[in-house]
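Structural overview for review
Spelled out from the first residue to the last, the chains are:
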Amino acid sequence: ARCAECHRLAGAGGSSGPDLSGLAGRYSFGDLLVSVVEPSAALSDQYQDTQLFMKDGSLVMGRLTEEKEDRLILRSTSSTSERLEVLLKDVEERRLSEISSMPEGLINHLTEEQVLDLMAYLMAGGDPADDVYVSRQSP
């Protein structure tokens, strides 16, 4: 599902999205599933993008990393995570995005079993020895 392009888990993966290590201690299975299926349902302000509507009619989006007296510095939420510097004098309007930078539908190509495997992997924090993998069936 390409999660590792943006997210870290057990020390591996990208850094433009939240670190997924330790999810089981913070979220229930149901809450985590909703976050994967509907990424914009609950946005963390730590990862919320800023939309800059420019005077020239363009739109600049990214995660605000620094605000200076005359400029804003954002990090692109694309896979390149490029640094964007925007002069405040060029900004018409500034808003927080109500849409997650994580696209919806990333798991649509997975089977039900693969989705359950992904959820187990996330709940286990990537640890293959976690109890989440132990069969609950009696012998």
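Here, the structure is the one placed above.
Residues numbered from 1 in each chain as written. Predicted model: local features only at pLDDT ≥ 70, side-chain atom pairs only at ≥ 80, totals over all residues. Heavy atoms only, no water.

1. Let's talk about the overall build of the chain
For the chain, the count of helices and strands is three helices and seven strands. When the helices and strands of the chain are listed from N to C terminus, the series reads β-β-α-α-β-β-β-β-β-α. Here the chain has a C-alpha radius of gyration of 18 Å; the compact-globule value for 139 residues is 14 Å, and the former is much larger. Seen along its three principal axes, the alpha-carbon backbone of the chain occupies a region of about 70 × 25 × 25 Å. By residue count, 27% of the 139 residues in the chain fall in the buried class. Taking contacts inside the chain between residues at least 6 apart in sequence as the whole, the part at least 24 apart equals 48%. Summed over all atoms, the accessible surface of the chain reaches about 9200 Å², with 50% contributed by carbon and sulfur. Looking at the chain, you have 13 positive and 24 negative side-chain charges, and the mean spots of the two groups are 8 Å apart. (Helix = DSSP H or I, 4+ residues; strand = E, 2+ residues; numbered from the N terminus. Rg over C-alpha atoms; globule rule 2.2 N^0.38 Å. Buried < 20%, exposed > 50% of the residue type's maximum accessible area, 1.4 Å probe, protein only. Contact = heavy atoms within 4.5 Å. Areas by Shrake-Rupley, 256 points an atom, 1.4 Å probe, with all protein chains shown as cover. Lys, Arg positive; Asp, Glu negative; His and termini not counted. Charge placed at Lys NZ, Arg CZ, Asp CG, Glu CD.)

2. Concerning the nonpolar core
The nonpolar side chains of a soluble globular protein tend to be buried with one another. With 12 residues, the main nonpolar core is built from Leu-9, Leu-20, Leu-23, Leu-32, Val-36, Ile-107, Leu-110, Val-115, Leu-118, Met-119, Leu-122 and Met-123. Ranked by residue count, the leading element in this core is helix H3 (residues 112–123), at five residues. With eight residues, the next largest nonpolar core counts Leu-52, Val-60, Leu-72 and Leu-84 among its residues. (Core = buried A, V, L, I, M, F, W, Y, C linked by side-chain atoms within 4.5 Å.)

3. What to know about unusual backbone geometry
Backbone geometry places Ala-10, a non-glycine residue, at a positive phi of 55 degrees. By relative accessible area, which is 55% here, Ala-10 ends up exposed.

4. Let's talk about the pairing of strand S3 (residues 50–54)
Judged by how many residues are buried, S3 sits mostly within the fold: four of five residues are covered. With four bridges joining them, S3 and strand S4 (residues 59–67) adopt antiparallel strand pairing. Bridge assignment links Gln-51 to a residue of S4, and that residue is Met-61. When S3 meets strand S7 (residues 91–96), the two strands line up antiparallel, connected through five bridges. Bridging from a neighbouring strand, Thr-50 pairs with Leu-96 of S7. (Pairing = 2+ DSSP bridges.)

5. Notes on the sheet that holds strand S5 (residues 71–75)
Read across the open sheet, the five strands follow the order S6-S5-S4-S3-S7; overall the sheet is antiparallel. Each of the sheet's edge strands pairs with one partner strand only, and the pair in question is strand S6 (83–87) and S7. On average, each strand axis in the sheet is tilted by 45 degrees relative to the strand beside it, whichever way the strands run. (Axes fitted to C-alpha atoms, helices over the stretch in contact; angles between N-to-C directions.)

6. Here we look at the pattern of salt bridges
Tallied over the entire structure, the rule returns eight salt bridges. In this structure, the salt-bridge partner of Glu-5 is Arg-2, at a minimum N-O distance of 3.1 Å. By relative accessible area, Glu-5 is classed as partly exposed at 44%. A relative accessible area of 57% means that Arg-2 is categorised as exposed. Here Arg-71 and Glu-85 are joined by a salt bridge, their closest N and O atoms 2.7 Å apart. Remark: Glu-85 occurs in strand S6 and Arg-71 occurs in strand S5; sequence separation between them is 14 residues. Overall, the relative accessible area of 25% leaves Arg-71 in the partly exposed class. For Glu-85, a relative accessible area of 40% corresponds to the partly exposed category. A single network of salt bridges, built from pairs that share partners, joins Asp-70, Arg-71, Arg-83 and Glu-85. (Salt bridge = Lys/Arg side-chain N within 4 Å of Asp/Glu carboxyl O.)

7. What about a nonpolar patch on the surface?
A cluster of nonpolar side chains, namely Tyr-121, Val-132 and Tyr-133, defines an oily patch on the protein surface of about 250 Å² accessible area. Structurally, the position occupied by Tyr-133 is in the segment after H3. (Patch = residues over 30% accessible without salt bridge, like charges linked within 9 Å, V, L, I, M, F, W, Y side chains within 5 Å.)

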